[in-house]
Amino acid sequence: MTKIKLATVWLGGCSGCHMSFLDLDEWLIDLAAQVDIVYTPFADIKEYPEGVDLVLIEGAIANAEHLELIHKIRNRTKTIISFGDCAVTGNVTALRNLSGGAESALQLAYIQQSDVNQQIPNLPGIVPPLLDKVVPVHYVVPVDIYLPGCPPSASRIRAAIEPLLKGEKPEISGREMIKFG
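Structural notes, computed from the coordinates. (Residues numbered from 1 in each chain as written. Predicted model: local features only at pLDDT ≥ 70, side-chain atom pairs only at ≥ 80, totals over all residues. Heavy atoms only, no water.)

### Thoughts on the overall build of the chain
The condition that has to hold: Helix and strand assignments come from DSSP, with helices taken as H or I runs of at least 4 residues and strands as E runs of at least 2, each series counted from the N terminus. All radius of gyration figures rest on C-alpha atoms, and the globule criterion is 2.2 Å times the number of residues raised to 0.38. Exposure categories follow from relative accessible area, calculated using a 1.4 Å probe and restricted to protein chains: below 20% of the type maximum is buried, above 50% is exposed, and the middle band is partly exposed.
Along the backbone of the chain there are seven helices and seven strands. In the chain, the succession of helices and strands from N to C terminus is β-α-α-β-β-β-α-β-α-α-β-β-α-α. On C-alpha atoms alone, the chain measures out to a radius of gyration of 17 Å, which is about the 16 Å that the 2.2 N^0.38 rule sets for 181 residues. Seen along its three principal axes, the alpha-carbon backbone of the chain occupies a region of about 55 × 35 × 30 Å. In the chain, which comprises 181 residues, the proportion classed as buried is 44%.

### Digging into the environment of Ile-178
Basically, it comes down to this: In this analysis, two residues are considered to be in contact whenever any of their non-hydrogen atoms come within 4.5 Å of each other.
Mapped onto the secondary structure, Ile-178 falls in helix α7 (residues 175–178). Look at Ile-178 and you get partly exposed, because its relative accessible area is 41%. If sequence neighbours within four positions are ignored, Ile-178 has contacts with Pro-148, Arg-156, Ile-172 and Ser-173.

### What to know about the sheet that holds strand β2 (residues 35–39)
Heads up, the rule is: Two strands are counted as paired when DSSP detects at least two bridges linking them. Every axis in this analysis is a line fitted to C-alpha atoms, fitted for helices over the stretch in contact. Angles between the N-to-C directions lie between 0 and 180 degrees.
As summarised here, the arrangement of the five strands in space is β2-β1-β3-β5-β7, forming an open sheet in which the pairing is parallel. Strands with a single pairing partner mark the edges of an open sheet, and in this sheet they are β2 and β7 (145–147). Each strand axis lies, on average, 25° off the axis of its neighbour in the sheet, ignoring direction. In this structure, strand β1 (residues 4–10) lies alongside β2, joined through four bridges in parallel fashion.

### A look at the nonpolar core
Threshold: We define a nonpolar core as any set of buried Ala, Val, Leu, Ile, Met, Phe, Trp, Tyr and Cys residues linked to one another through side-chain atoms lying within 4.5 Å.
Counting 20 residues, the largest nonpolar core has Phe-21, Leu-31, Ile-81, Phe-83, Ile-157, Ile-161 and Leu-165 as its most contacted members. Elements with a minimum of two residues in this core: β1, α1 (16–22), α2 (27–34), β3 (52–58), β5 (77–83), β7 and α6 (154–165). Ranked by residue count, the leading element in this core is α6, at six residues. The next biggest cluster of nonpolar side chains, apart from the first, holds 19 residues, and it includes Leu-11, Ile-57, Ile-80 and Val-135.

### Examining the packing of aromatic side chains
Two numbers describe a pair of aromatic rings. These are the distance of the centres and the angle of the planes. Stated precisely, the cut-off is as follows: Pairing of aromatic side chains here covers Phe, Tyr and the six-membered ring of Trp, requires ring centres within 6.5 Å, and sorts the geometry by plane angle: under 30 degrees stacked, over 60 edge-to-face, intermediate tilted.
Counted according to the given criterion, the structure contains two aromatic pairs. Taking the centre distance of 6.4 Å and the plane angle of 25° together, the rings of Phe-21 and Phe-42 count as stacked. Of this pair, Phe-21 sits in helix α1 while Phe-42 sits in the loop between β2 and β3; the two residues are 21 residues apart in sequence, bridging distant segments of the chain. On the basis of an interplanar angle of 65° and a centroid distance of 5.1 Å, the ring pair of Tyr-39 and Tyr-48 is categorised as edge-to-face. With a relative accessible area of 14%, Tyr-39 lands in the buried category. Looking at Tyr-48, the relative accessible area reads 1%, which means it is buried.

### A word on a nonpolar patch on the surface
Applicable threshold: Patch membership is restricted to residues that have no salt bridge and whose relative accessible area is over 30%. Joining uses 9 Å for like charges and 5 Å for the nonpolar side chains Val, Leu, Ile, Met, Phe, Trp and Tyr. Residue-level accessible areas treat just the shown protein chains as cover; the underlying method is Shrake-Rupley with a 1.4 Å probe. Any carboxyl oxygen of Asp or Glu within 4 Å of a side-chain nitrogen of Lys or Arg constitutes a salt bridge here.
Nonpolar side chains collect at one region of the surface, where Met-19, Leu-22 and Phe-42 lie side by side and expose about 260 Å² of accessible area between them. Its location among the elements puts Met-19 in helix α1. The exposure class assigned to Met-19 is partly exposed, which follows from its relative accessible area of 41%.

Just distances and angles here, no functional claims.
Next comes the structure, spelled out in structure tokens:
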């Protein structure tokens, strides 16, 4: 039996969706028997691989690194799940948009609200260049399945993944599967 290549990605978000994924508890053992986890923040894998069957993407697109990675993911992945409210709508991560853009947000965080060492980090590799607006995943690439929740519950995550393991499309409907927050 060929195992499904599963990836999880953490973009601009809090990692709550990944923590909820870990709440799958014993089912993670069953899942591990059916998939090869090929990319995840839980492991030190540097490059997003080719030929991924399924990816859960947590977080919004907030910086240049996210933008580059999301295009790579779409080109190398069969099925993308926007995983959690930040990936689906921008949610809390997109609150930065209210500041008036990337430069305004940096000024606010590192100059106006700082009481010591007032300077914006600008050495390469410290802070990836911010996008002027934080956007949900589907603003940049096509998304196949939306899984809202902040974070989605473990049962909701399982209900989305389990049918895909059998080659079936998950039923993402009804209040328990589609409510936000």
